[in-house]
Amino acid sequence: MYCYCYCHYYLGKSVWFDAGAGYPIAGEIVDLTRTRISIKSLLNGKIFVFSTDDTNRVVSRIPLPPEGVNDMITMSDLSEASILWNIKVRYDHRQFYTYIGSILVAVNPYYMYHDMYSTDYVRKYENILVLHTLPAHIFATASTVHSKMLSDKINQCVVISGESGGGKTQSTKLIMNYLAAVNPGKYKLITEQILEASPLLESFGNAKTVRNDNSSRFGKYIEIYYSQKSIVGAKLSDFLLEKSRIVTHSNDERNYHVFYELLEGFDTEEKRKYGLTTPEKYFYLNQGASMAISSKSDAHDFQSLLTAMKILNFTKNEQETIFKILAAILHLGNIYFSRSVDDPGHDLIQISSKTEIEWCSHLLALNDQGLLQKLTHKVTEARDERLLSPFNLEQALDSRDAIAKALYSTLFSWLVARINQIVRVNNNVDNSIAILDIFGFENFSTNSFEQLCINYANEALQFHFNRHVFKLEQEEYAKEKLAWKKIDFADNTDCLDLIGKKPNGILQILDDESNFPKVN
Ligand SMILES: Nc1ncnc2c1ncn2[C@@H]1O[C@H](COP(=O)(O)OP(=O)(O)OP(=O)(O)O)[C@@H](O)[C@H]1O
Ligand SMILES: [Mg+2]
């Protein structure tokens, strides 16, 4: 902070003041005596009084225009406090978007203002030539990317990053809606099929967490291909589906949406066919004691899922197979084991209820005895011999959960491949627009291995961002010998190395250790 002598203070002056909160607050001087300065906080209207000797706690502030600044690169008073204050001022005026050069900052309003994404807005931003001629908007980003691809004939990519619940998936969908709306012959089937992939994948890959009712539990990279200025196909790539959620979730969270949608959407007859009842009856669904989400209708979303499957040409047989696998996973989770001891005193594992095994094997077209054996015994193949050794209780539960995870994650990969089969390109492609939407940074009270991977992916993305925004830009300036004051930024290379660098990074050590039996 800089120091100001008393003569710099005057009534109505804009200041930053330090109220001990750990960050400067924007205020205005409302009273001034020889010994005291009274400042009104612009955050909450409270009055704070400082001594005129306390000059390092009250510093000058350049006031913002009433609706804030559209592109923060033009702000001369640039600090963390002024950036946050500008975003807050804009938010209060229903301006949820702000630029920092070509980067768009989006604040999640948690309320859908449909008028902001109407056809009128599409038209308004469609022919934007210079990014900053209109108020910042996600459509402006989409429009710039689209027109740059068409005019420069260079592939474009939108990288969306932010913490969980920040609005990445919603922004991805808004960009895709924009691209579909400006596509010549926009109602073409292929465009519709690409759009319908989103609700389908959200049913299977999103879940309620304590941070977000519709949290993406996988990373998604979608490339939309163009030929002669029109969308002709797409390709989806998925990353790192959170497998542990299939068998366990924390309090107030849920398993993947699709299970609850299925149970709400099926009628009595369909439920009978798959041996299903209600969500609270399934161990894999009821651990969070949070079966319904107030902002979501599972029954309605099941109908949307069926529509998406129809548009993506899933056959009746494929749909039935998918439902069988999902139902089998739910039955599998309700298989319980009990421990007994045989004559020589060895631990034995028994299945408490046969019904679930019967349903599981029926739905998966397996032999009951074979499934039972897989759940209770380890099979070791030695030359021509197959040795069976009984699991203990913990191993049996692990084996049950491993089968459920393998079934679901294989189904998920199959779904992505199946969608790609439908939306793949059959023509020559000129260029593409890609959108990266990953799972956001998370910090729960208990963080599993999966949070480490999610946060590592976010750090890697931040590194990429730093590299482009700071490192490469500074190198370019240095190369051109431009007068330029180096900007310090938090370089996260050490953090990335600690986790991912070979040979001593945490992931590498875990990999090595996992190759040995009984490691600690
Ligand atoms: N622009 C927006 N307008 C209105 N509501 C929004 C907007 N962006 C996000 N939301 C709301 O916030 C919720 C969370 O957003 P979203 O799922 O996109 O977050 P995310 O960044 O993808 O989180 P995660 O990393 O957990 O997947 C959405 O379900 C929606 O209700
Ligand atoms: Mg998301």
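Residue numbers here run from 1 along each chain, matching the order of that chain's written sequence. Chains and ligands are labelled by the order in which they are written, letters from A for the one and numbers from 1 for the other. For a predicted model such as this one, the threshold for reporting local features is a pLDDT of at least 70, and the threshold for listing and counting side-chain atom pairs is 80 or more; totals across whole chains, interfaces and linings nevertheless cover every residue. Side-chain calculation: all heavy atoms of the structure are included, whereas hydrogens and water are not.

**Side note on the site of ligand 1**
Nearness here has a simple test: a residue counts as near a molecule or strand if at least one of its heavy atoms is within 4 Å of that partner. Close to ligand 1 lie 21 residues; Asn 108, Ser 164, Lys 168, Ser 215 and Gly 440 are nearest. Taking Gly 167, its main chain carries an N or O atom lying 2.9 Å from an oxygen atom of ligand 1. Pairs of N or O atoms are called polar contacts if they sit within 3.5 Å, as long as, within protein, a hydrogen donor faces a hydrogen acceptor (for residues adjacent in sequence, only side-chain-to-side-chain pairs). Separating an oxygen atom of ligand 1 from a side-chain N or O atom of Thr 169 is a distance of 2.8 Å. The leading source of residues in the shell around ligand 1 is helix H4 (residues 168-181), at three residues. For the purposes of this entry, the term helix denotes a DSSP run of H or I that reaches at least four residues, the term strand denotes a run of E that reaches at least two, and both are numbered from the N terminus.

**Notes on the coordination of the magnesium ion (ligand 2)**
At 2.0 to 2.1 Å from the magnesium ion (ligand 2) lie its protein donor atoms, namely Thr 169 (OG1) and Ser 216 (OG). One end of the pair, Thr 169, is in helix H4; the other, Ser 216, is in strand E10 (residues 215-216), with 47 residues separating them in the sequence. Each member of the pair Thr 169 and Ser 216 is classed as buried. Counted as coordinating are nitrogen, oxygen and sulfur atoms within 2.8 Å of the metal, or 3.2 Å for Na, K and Ca, while water is not included, which may make sites look incomplete. Think of it in three bands: with a 1.4 Å probe and only protein chains considered, a residue is buried below 20% of the maximum accessible area for its type, exposed above 50%, and partly exposed in between.

**A look at a nonpolar patch on the surface**
A patch consists of residues whose relative accessible area exceeds 30% and which take part in no salt bridge; residues with like charges are grouped when within 9 Å of each other, and nonpolar side chains (Val, Leu, Ile, Met, Phe, Trp, Tyr) when within 5 Å. The Shrake-Rupley method, run with a 1.4 Å probe, gives the accessible areas here. Residue values count only the displayed protein chains as cover. For this document, the term salt bridge refers to a Lys or Arg side-chain nitrogen within 4 Å of an Asp or Glu carboxyl oxygen. A contiguous nonpolar patch, built from Phe 449, Leu 498, Ile 506 and Leu 510 and spanning about 370 Å² of accessible area, is present on the exposed surface. For Leu 510, the location among the structural elements is in helix H16 (residues 506-514). Given the relative accessible area of 39%, Leu 510 is considered partly exposed.

**Some words on the domain arrangement of the chain**
Each domain of the chain was delimited in the assignment, giving domain 1 (6-60), domain 2 (72-329 + 410-437) and domain 3 (449-514). An automatic or database domain assignment supplies the residue ranges for each domain. For domain 1 and domain 2, the distance between their C-alpha centres works out to 45 Å. A quick way to say it: buried area is the sum, across both parts, of accessible area lost when two parts are put together, with a 1.4 Å probe. Taken together, both faces of the contact between domain 1 and domain 2 bury some 430 Å²; the carbon and sulfur share is 80%. Along the contact surface separating domain 1 from domain 2 lie zero salt bridges. The interface formed by domain 1 and domain 2 contains one residue pair in polar contact (both at pLDDT 80 or more). Residues belonging to the side of domain 1 that touches domain 2 are distributed by class as follows: five nonpolar, no polar and no charged. Each residue is assigned to one of three groups, with Ala, Val, Leu, Ile, Met, Phe, Trp, Tyr, Cys and Pro labelled nonpolar, Asp, Glu, Lys and Arg labelled charged, and all others, Gly among them, labelled polar.

**Considering unusual backbone geometry**
The step from Lys 502 to Pro 503 runs through a cis peptide bond, and the omega angle for that step is 5°. Within the secondary structure, Pro 503 is located in the loop between helix H15 (493-500) and H16. The phi angle at Tyr 110 is positive, at roughly 55°, despite the residue not being glycine. Here Tyr 110 is to be found in the loop between strand E7 (103-106) and helix H2 (119-126). Residue Asp 252 is not a glycine yet carries a positive backbone phi of 70°. For Asp 252, a relative accessible area of 40% gives the class partly exposed.

**Some thoughts on the pairing of strand E11 (residues 219-227)**
Of all nine residues in E11, eight are buried, a share of seventy percent or more. Between any two strands, pairing holds if DSSP finds at least two bridges. Both E11 and strand E12 (residues 230-239) contribute to a ladder of nine bridges, which runs antiparallel. Looking across to E12, one finds that Ser 227 is bridged to Ser 230. Joining the antiparallel neighbours E11 and E12 is a turn of two residues, in which Gln 228 adopts a positive phi near 45°. As defined by bridge partners, E11 adjoins strand E17 (residues 431-437) across seven bridges and the pair is classed as antiparallel. Each residue of the ladder has a partner; that of Tyr 226, found in E17, is Asn 431.

**Points about the packing of aromatic side chains**
Note on aromatic pairs: each is described by the distance of the centres and the angle between the planes. Planes of paired rings set the category: under 30 degrees apart is stacked, over 60 is edge-to-face and the rest tilted, where pairs are Phe, Tyr or Trp rings (Trp by its six-membered ring) whose centres lie within 6.5 Å. Counted according to the given criterion, the structure contains 17 aromatic pairs. Here the aromatic rings of Phe 302 and Phe 323 are separated by 5.8 Å at their centres, their planes lie at 45°, and the arrangement is tilted. With Phe 302 in helix H9 (residues 298-311) and Phe 323 in helix H10 (residues 316-333), the pair connects residues that are 21 residues apart, well separated along the chain. The same class applies to Phe 302 as to Phe 323, namely buried. Grouping aromatic residues by their ring pairs yields a cluster made of Tyr 91, Phe 96, Tyr 111 and Tyr 113. The ring centre of Tyr 121 lies 4.6 Å from the NZ or CZ of Lys 124, which sits over that ring. Look at NZ for Lys and CZ for Arg. If either is within 6 Å of the ring centre and within 35 degrees of the ring normal, a charge sits over the ring. Its guanidinium or amino end placed over the ring of Tyr 260, Arg 254 lies 3.9 Å from that ring's centre, counting from NZ or CZ.

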